[in-house]
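Descriptive structure summary
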Amino acid sequence: MQILVTGGAGFIGSHTCVELLKRNIDLIILDNFYNASPKVLDRIETITGKRPALCVGDIRDEALLDTVFAENDISAVIHFAGLKAVGESVEKPLLYYGVNIEGTVKLLSAMDRAGVRKIIFSSSASVYSDEAACPFSEDSLTGCTNPYSWTKWMIEQILTDLHRADDRWKIVILRYFNPIGAHPSGLIGEDPKGIPNNLLPYVAQVAVGRREKLGVFGNDYPTPDGTGVRDYIHVCDLARGHVLALEKMEELPGLEIINLGTGKGSSVLEVVSAFEKASGKPVPYEIKPRRAGDKPECYCDPEKAKRLLGFETEYSLEDMCRDSWNWQSKNPFGYEQPE
Ligand code: NAD
Ligand code: UD1
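Here the residue numbering is sequential within each chain, running from 1 through the sequence in written order. Ligands are numbered from 1 and chains lettered from A, in the order in which they are written. In keeping with the predicted nature of the model, local features appear solely for residues at pLDDT of at least 70, side-chain atom pairs appear and are counted solely at 80 or more, and the whole-chain, interface and lining totals rest on all residues. Side-chain descriptors were evaluated using all non-hydrogen atoms of the structure, hydrogens and water having been removed beforehand.

Our focus in this paragraph is the packing of aromatic side chains. The pairing test for Phe, Tyr and Trp rings, Trp by its six-membered ring, is centres within 6.5 Å, and the orientation test on the planes gives stacked under 30 degrees, edge-to-face over 60, and tilted for anything in between. Throughout the structure, instances matching the rule amount to 5 aromatic pairs. Ring geometry for Phe 275 versus Trp 325: centroids 6.1 Å apart, planes at 85°, classification edge-to-face. Highlighted residues: Phe 275 in helix α9 (residues 268-279) and Trp 325 in helix α11 (residues 317-330), separated in sequence by 50 residues. Just as Phe 275 is buried, Trp 325 falls in that class too. Taken together, Tyr 128, Phe 136 and Phe 177 form an aromatic cluster joined through their ring pairs. In DSSP terms, a helix is any run of H or I states spanning at least four residues, a strand is any run of E spanning at least two, and both are numbered starting from the N terminus. Only protein chains enter the accessibility calculation, which uses a 1.4 Å probe; a residue whose area is less than 20% of its type maximum is buried, one above 50% is exposed, and one in between is partly exposed.

Structure (structure tokens):
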């Protein structure tokens, strides 16, 4: 069994490759390094003792996809490759619809031509509607407010239609909540380019001295301390969820949508305090206006993942902050730091 991991050099992809290699599952990464560093491959090799095969290229390149399927013995695909910045998607919708949707349709078409009809897809909790109440279960109301989230919603629809048309397909759609943390070795982690959009990388960069202070986007939400509540999940737990989905795929009826989260919400101020404790560094902050499009709270009902995959998270918020800090303090400038 060889697994094609698109976007395998990225944040979640690299941690999933480590989990696969740990279980002796052979894989090949397809990535164009749009948002990743080739150094990830060395780091994966250091952690696992195995160097993953790599194909550098774009998921929209049909000829390349056909070659990858022809030259390798691929049995399933884990599809991470795509663009993920909400703000950028509002400014550049065609780029997002192009990479995420056109890229996925081309990948699915190449898989179909090659007779490889098993896929795990990275969806997002951002497909849940503002009208739905927490905890979100897989049948909660969906609806989106930005092009990024619409791409995830539309790809879920494409996969559903594909499975309806041809039931040879085995499809698992994983809706991630907020992945944070890093591999405990501190060798791989999240390395955003420019100013981080997401909370944890921003907090980590303040703690390491790269940024002066955190802006907290709103403290007047209807939550216990007024700041936004999210379901943070350690990226290694998330990665393990993919391996379980891969292992259970054969037994599942055909297409399943599954939340991957802890089921527990934490506020921005709880995260700041946990990070200060884990790092021993102060994280100064100031209250800013709410960020457009943010929900007051977003956390999942994790029951389906437990029932179908036997998946339960193992890492606490403290563990997530400790591992984020370990990565950030060892690699203050991410992968580009002199080795
Ligand atoms: P990431 O940006 O670190 O990883 C994506 C990878 O895809 C990168 O290595 C990038 O170089 C590659 N890539 C981008 N465009 C490509 C293309 N056209 N061809 C080939 N490779 C390409 O992001 P991540 O955080 O690891 O997220 C992985 C997936 O999970 C994405 O689809 C993302 O939308 C989804 N997701 C992420 C989060 C999150 O908070 N990180 C939450 C929900 C869903
Ligand atoms: C964001 C994306 C979402 C994506 C998810 C995971 C938006 C609007 N949503 O969600 O589509 O799936 O990331 O990648 O971008 N916060 C601050 N200060 C900061 C950054 C964040 O206070 O500098 C707050 C936010 O208001 C929120 C919480 O921290 O309450 C988490 O924010 P973030 O990490 O960006 O994740 P999401 O908003 O859940």
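Here the narrative resumes.
It is worth spelling out the pattern of salt bridges at this point. The salt bridge definition used is simple: a Lys or Arg side-chain nitrogen within 4 Å of an Asp or Glu carboxyl oxygen. As enumerated under the stated definition, the model contains 27 salt bridges in all. Here Arg 51 ties to Asp 42 by a salt bridge, and the two come within 2.9 Å at their closest N and O atoms. Taking relative accessible area as the criterion, Arg 51 reaches 44% and is therefore assigned partly exposed. Here Asp 42 falls in the partly exposed class, since its relative accessible area comes to 38%. For Asp 294, the salt bridge is made with Arg 291, and the minimal N-O distance between the two is 3.1 Å.

With that out of the way, let us pick up the nonpolar core. Generally speaking, a soluble globular protein has its nonpolar side chains buried in company with each other. Residues belong to a common nonpolar core when they are buried Ala, Val, Leu, Ile, Met, Phe, Trp, Tyr or Cys residues joined through side-chain atoms within 4.5 Å. With 42 residues, the main nonpolar core has Ile 3, Leu 20, Leu 27, Ile 120 and Val 172 as its most contacted residues. Residues within four places of Ile 120 in sequence aside, it is in contact with Val 77, Ile 78, His 79, Val 172, Leu 174, His 242, Ala 245, Leu 246 and Met 249. Residues Val 68, Phe 69, Ile 101 and Phe 121 belong to the second largest nonpolar core, which totals 26 residues. We call two residues contacting when some pair of their heavy atoms lies within 4.5 Å.

Whether a residue is near a molecule or strand depends on its heavy atoms: it is near if one of them lies within 4 Å of it. Close to ligand 1 lie 26 residues, the nearest being Phe 11, Ile 12, Asp 31, Asn 35 and Lys 84. Here a polar contact means two N or O atoms within 3.5 Å. Within protein one must be a hydrogen donor candidate and the other an acceptor candidate, and residues neighboring in sequence count only if both atoms are side-chain atoms. In the model, an oxygen atom of ligand 1 is placed 2.8 Å from a nitrogen or oxygen of the Ile 12 main chain. Measuring from an oxygen atom of ligand 1, one finds a side-chain N or O atom of Asp 31 at 2.6 Å. In isolation ligand 1 offers 820 Å² of accessible surface; the protein chains occlude 95% of this area. Breaking the shell around ligand 1 down by element, the ones donating at least two residues are α1 (11-22), β5 (118-124) and α6 (147-165). Looking at the shell around ligand 1, its residues break down into 13 nonpolar, 9 polar and 4 charged. Areas reported as accessible are Shrake-Rupley estimates using a 1.4 Å probe. Residue values count occlusion only from the protein chains shown. Three classes are used: nonpolar for Ala, Val, Leu, Ile, Met, Phe, Trp, Tyr, Cys and Pro, charged for Asp, Glu, Lys and Arg, and polar for all others, with Gly counted as polar.

Glancing now at the environment of Asp 301. Mapped onto the fold, Asp 301 is located in the loop between β14 (297-298) and α10 (303-309). A C-alpha to C-alpha distance of 5.6 Å links Asp 301 and Phe 136, two positions 165 residues apart in sequence. Apart from residues lying up to four places away in sequence, Asp 301 is in contact with Pro 135, Phe 136, Ser 137, Glu 138 and Asn 259. There is a polar contact of 3.0 Å between the side chain of Asp 301 and the backbone nitrogen of Glu 303.

Time to look at the site of ligand 2. In the vicinity of ligand 2 lie 18 residues, with Leu 199, Gly 215, Arg 230, Arg 291 and Asp 294 positioned nearest. Phe 217 places a polar main-chain atom, nitrogen or oxygen, 2.9 Å from an oxygen atom of ligand 2. Between Asp 294 and ligand 2, the recorded distance is 2.6 Å, taken from a side-chain N or O atom to an oxygen atom. Calculation on ligand 2 without its partners gives an accessible area of 740 Å², and the protein chains cover 88% of this total. Per element, the largest residue contribution to the shell around ligand 2 is 4 residues, and it comes from strand β8 (residues 214-217). Residue classes in the shell around ligand 2 are distributed as 8 nonpolar, 7 polar and 3 charged.

Summarising the element assignment, Asp 42 is placed in helix α2 (residues 39-48). At a separation of 2.9 Å, a polar atom in the side chain of Asp 42 contacts the side chain of Arg 51.

The next point concerns the environment of Arg 43. Positionally, Arg 43 belongs in helix α2. Taking the relative accessible area as the measure of exposure, Arg 43 reaches 9% and is therefore buried. In this structure the C-alpha to C-alpha distance between Arg 43 and Leu 252, which are 209 residues apart in sequence, comes to 34 Å. From its side chain, Arg 43 meets the backbone oxygen of Leu 187 in a polar contact 2.8 Å long.

The subject of this paragraph is the packing of helix α7 (residues 199-207) against α9. Between N-to-C directions, angles cover 0 to 180 degrees, with each direction set by a line fitted to C-alpha atoms, over the stretch in contact for helices. Axis separation between α7 and α9 bottoms out at 11 Å; the angle between their running directions is 40°. What the angle tells us is that α7 and α9 run oblique. Note that α7 runs across α9; the crossing there is right-handed. From α7, Leu 199, Leu 200, Val 203, Ala 204 and Ala 207 reach across to α9, where they touch Val 268, Val 271, Val 272, Phe 275 and Ser 279. Tallied by class, the residues present in the contact of α7 with α9 amount to 9 nonpolar, 1 polar and no charged. Relative orientations are named as follows: roughly parallel for angles under 35 degrees, roughly antiparallel for angles over 145 degrees, roughly perpendicular for angles from 65 to 115 degrees, and oblique for any other angle. Handedness of each helix crossing follows the sense of rotation of the near helix against the far helix: counterclockwise by less than a right angle gives left-handed, clockwise gives right-handed.

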